[in-house]
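Architecture and fold: a report
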Amino acid sequence: MSRYKINNLEEYFKEYKKSVREPKKFWDKIASENFTWYQQWDKVVDFNLAEAEVKWFTEAKVNITKNCIDRHLAKKGDKTAIIFEPNDPAEEAQHISYNDLHLRVSKMANVLKEQGVNKGDRVCIYLPMIPELAVATLACARIGAIHSVVFAGFSASAVATRIKDSECKIVITSDGGYRGNKTIDLKEIIDEALTECDCVKTVLVVKRTNNAVTMKEGRDQWLQPLLDVALENNVAEIMDAEDPLFILYTSGSTGKPKGMVHTTAGYMVYTAYTFKNVFNYEENDVYWCTADIGWITGHSYILYGPLLNGATTVIFEGVPSYPDYSRFWEIIEKHHITQFYTAPTAIRALAKESLDYVQKFPLKSLKVIGSVGEPINEEAWHWYNDHVGDKRCPVVDTWWQTETGGIMISPIPFVTPTKPTYATLPLPGIQPVLMDEKRNEIEENQVVGSLCIKFPWPGIARTIWGDHQRYKDTYFSAFPGKYFTGDGALRDEVGYYRITGRVDDVVIVSGHNLGTAPIEDAINEHPAVAESAIVGFPHDVKGNALYGFVILKETGEQRDRNNLIKEINQQISNQIGPIAKLDKIQFVSGLPKTRSGKIMRRILRKIAEGEFDNFGDITTLLNPEIVEEIKQGKI
Ligand code: WTA
């Protein structure tokens, strides 16, 4: 994979300008030089952003797993592709070579085919962070089935919504998963989810914890016996550049989750290119990203980006606090990690603990350290830079989204001078703009605005599964002709970007995007609740936590408030998952609403943050008196 041939900021600006002046030439070169194609493209890009239509490398034919695996076999078949570090440090780590991975993915691909999975079919993968998760995902890509990996922390009802939305034919899960000192009953959650899903005909079950599970006759099968008899050879499916590779759900500000669809060639080119350059990847590096494969970070930068570069990538099953808070640092030392990529919420949690945990380890192998998922606050940035990176390793604060497929704004290590809390500059090929309230592009620096991207890049999601109109409305209607990110940003005097946070009703809690609407829906289903509104408020470790304002029905008024709080959180946990539980609940008699009936969330946000004046213009409120009542209740 080619690297930017740039040594300093001046050269970056030159390269950047070239990529903007001639984007087709720029991407054409990267795509031609670094991958194996069955057939080349006619057009590098074909797009109409006003219509939300984007195609890259049209008519090209490719299989991403040929590029992730087969292509490396001749020269580095014995090289470790995946290091599996189990939850329990006493369990031995596994080193899976590119040859092993080839064999395992081929066999898994053959099992899926025997189970009747064809090109274009959707496969739901609900697994803990174990090698089978990587193998199953890649096996889908090999046969052209569309994988839909669902994070194993989601509840039965949330999994069911996702399975039904994309009509998955098959689910791959396990008897359980380990996380710290807990065991999670994944199969039981799937059993419950499937009571609502008629589309699923087969469930394949990986054995991990030996939990007792119920196997439904005619539907459920243990995976291992099928793998034992599977053929070893599998010819990768020839995929069109624009064939869907996967669906990954992300929360929207309204309604059900959005199944973002990523297609084959553009995603491949973009993740490979960004991985190489943002992490300064070199041949003998050992790279570790602590995300879960159930999120986009795991898809792009545990699996695809690293494997496309023939790298060694770590899959860690556990959590940073088990058996104690030195686990991350111990793993870095054990496997000689060169690049470490984690989230601000993890950094803040670790920074709260004794420094001894991290100082016990020299961490000399590290070269580049990264952050992703939410804005990193100044204190966390310095702690990371001082105690993990030893002021020696550049901190790459990488801004991107499920929708962008790969990193968009980030320092390039050893080139871009870092600045705490700033994601700094766009990667070559990426054209961010800030828009003002009148929807005009802001040219000057030292401004804040809504962050948009004005030219397509290969990794952009192409649609929302089954709902192209929603895709167009969500991303291309606020600022016609541009992709709207949903984030606000500040641009400083030299053009560095600092992401200030979401401008819509999505709250990022511990790095997880949570839409307020689905949580409100869950609360409102409680028989005692009339209406509710959720906002985020700052939290030391989680970044944001959730604050719920709840109006009770008359019948609910009689009930014990503490019990109600417990029940409401249980309801949320059942419908969405424990990550969406509320930190605070305040019972109120009304919510501030505009004359058109919209809840004025900015007022609730201020109150939740403990700020009781400067509410701005509240003359459009139908019920301004309620603001005073809510304030009093909070104080
Ligand atoms: C936020 C995760 C500030 C942002 C890859 C974005 C960030 C949302 C950063 C996408 C960062 C991600 N600085 N904010 N470095 N990285 N975000 O889809 O609000 O899970 O829109 O993708 O996370 O979250 P998602």
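A brief structural summary. Values in this document were obtained by computation on a predicted structure and should not be read as measured data.

**Some words on the overall build of the chain**
On a plain count of helices and strands, the chain comes out with 20 helices and 31 strands. A globule of 635 residues ought to have a C-alpha radius of gyration of about 26 Å, and the chain, at 24 Å, matches this closely. Seen along its three principal axes, the alpha-carbon backbone of the chain occupies a region of about 75 × 65 × 55 Å. Buried residues in the chain amount to 61% of all 635 residues. Within the chain, contacts between residues at least 6 apart in sequence are counted, and of these 71% link residues at least 24 apart. Working note: accessible area of the chain is about 24,900 Å², and carbon and sulfur atoms make up 48% of it. Distance between charge centroids for the chain: 3 Å, based on 73 positive and 84 negative side chains.

**Re the packing of aromatic side chains**
Centre distance and the angle of the planes are the two values used to describe a pair of aromatic rings. A full pass over the atoms with the stated rule returns 44 aromatic pairs. When the ring of Tyr301 is compared with that of Tyr341, the centres are 6.2 Å apart and the planes differ by 80°; the resulting orientation is edge-to-face. A residue pair is termed long-range when its members are at least 10 positions apart, and Tyr301 in helix H10 (residues 296–308) and Tyr341 in strand S18 (residues 339–342) qualify at 40 residues. Each member of the pair Tyr301 and Tyr341 is classed as buried. Given a relative accessible area of 0%, Tyr301 falls into the buried group. An aromatic cluster of three or more residues is present, and its members are Phe26, Trp27, Phe35, Trp37, Trp41, Trp56, Phe57, Tyr270 and Tyr273. We note Lys419 situated over the ring of Tyr422; from NZ or CZ to the ring centre the distance is 4.1 Å.

**Things to note about helix H3 (residues 64–76)**
End to end, H3 covers 18 Å across 13 residues, agreeing with the expected 18 Å (1.5 Å per residue, within 8%). Ile64, Thr65, Asn67, Cys68, Ile69, Asp70, His72, Leu73 and Lys76 are the residues of H3 that are buried. Buried residues along H3 sit against strand S3 (61–62), helix H4 (98–114), helix H5 (131–143), strand S14 (244–250), helix H9 (264–278) and H10.

**Structural notes on the pairing of strand S26 (residues 497–502)**
By the bridge criterion, five bridges tie strand S25 (residues 483–491) to S26 in an arrangement that is antiparallel. By the bridge assignment for S26, Leu490 is matched with Arg498. Where S25 folds back on S26, the antiparallel hairpin that results is connected by five residues, among which Gly495 adopts a positive phi of roughly 95°.

**Considering the site of the ligand**
Near the ligand you find 17 residues, and of these Asp397, Thr398, Thr402, Asp487 and Arg502 are the closest. Residue Glu374 places a main-chain N or O atom 3.4 Å away from a nitrogen atom belonging to the ligand. One of the backbone N or O atoms of Thr398 is found 2.7 Å from a nitrogen atom in the ligand. Burial of the ligand by the protein amounts to 95% of the accessible area it has alone, namely 530 Å². Elements with a minimum of two residues in the shell around the ligand: H10 and S26. Of the residues contributing to the shell around the ligand, the split by class is seven nonpolar, six polar and four charged.

**Remarks on the environment of Glu59**
Looking at where Glu59 falls in the secondary structure, it is placed in the loop between strand S2 (53–56) and S3. It is 7.8 Å that separates the C-alpha atoms of Glu59 and Gln39, two residues lying 20 residues apart in sequence. Aside from chain neighbours lying at most four places away, what touches Glu59 is Gln39, Gln40, Asp42 and Asp240.

**Section: the nonpolar core**
The biggest cluster of nonpolar side chains holds 120 residues, and the ones touching the most others in it are Trp27, Trp37, Phe57, Leu101, Met108, Leu112 and Tyr304. What Tyr304 contacts, discounting residues up to four positions off in sequence, is Ile64, Cys68, Thr137, Leu138, Ala141, His147, Leu245, Tyr267, Thr271 and His299. Core analysis: the next-biggest nonpolar cluster, separate from the first, contains 27 residues, Trp288, Ile337, Ile347 and Ile376 among them.

**Focus on helix H14 (residues 378–388)**
What H14 keeps buried is the set Ala380, Trp381, Trp383, Tyr384, Asn385 and Val388. The inward-facing, buried residues of H14 contact helix H11 (327–335), S18, helix H12 (344–351), helix H13 (356–359), strand S19 (368–371) and strand S20 (395–397). In the segment just after H14, Asp390 is the residue with positive phi, at about 55°.

Basis of the calculations
Residues numbered from 1 in each chain as written. Predicted model: local features only at pLDDT ≥ 70, side-chain atom pairs only at ≥ 80, totals over all residues. Heavy atoms only, no water. Helix = DSSP H or I, 4+ residues; strand = E, 2+ residues; numbered from the N terminus. Rg over C-alpha atoms; globule rule 2.2 N^0.38 Å. Buried < 20%, exposed > 50% of the residue type's maximum accessible area, 1.4 Å probe, protein only. Contact = heavy atoms within 4.5 Å. Areas by Shrake-Rupley, 256 points an atom, 1.4 Å probe, with all protein chains shown as cover. Lys, Arg positive; Asp, Glu negative; His and termini not counted. Charge placed at Lys NZ, Arg CZ, Asp CG, Glu CD. Phe/Tyr/Trp six-rings, centres within 6.5 Å; stacked < 30°, edge-to-face > 60°. Lys NZ or Arg CZ within 6 Å of the ring centre and 35° of its normal. Expected span 1.5 Å × (residues − 1). Pairing = 2+ DSSP bridges. Near = heavy atom within 4 Å. Polar contact = N/O pair within 3.5 Å; in protein donor to acceptor, adjacent residues only side chain to side chain. Nonpolar A, V, L, I, M, F, W, Y, C, P; charged D, E, K, R; others polar. Core = buried A, V, L, I, M, F, W, Y, C linked by side-chain atoms within 4.5 Å.

Function cannot be read off these values alone, since they describe shape.
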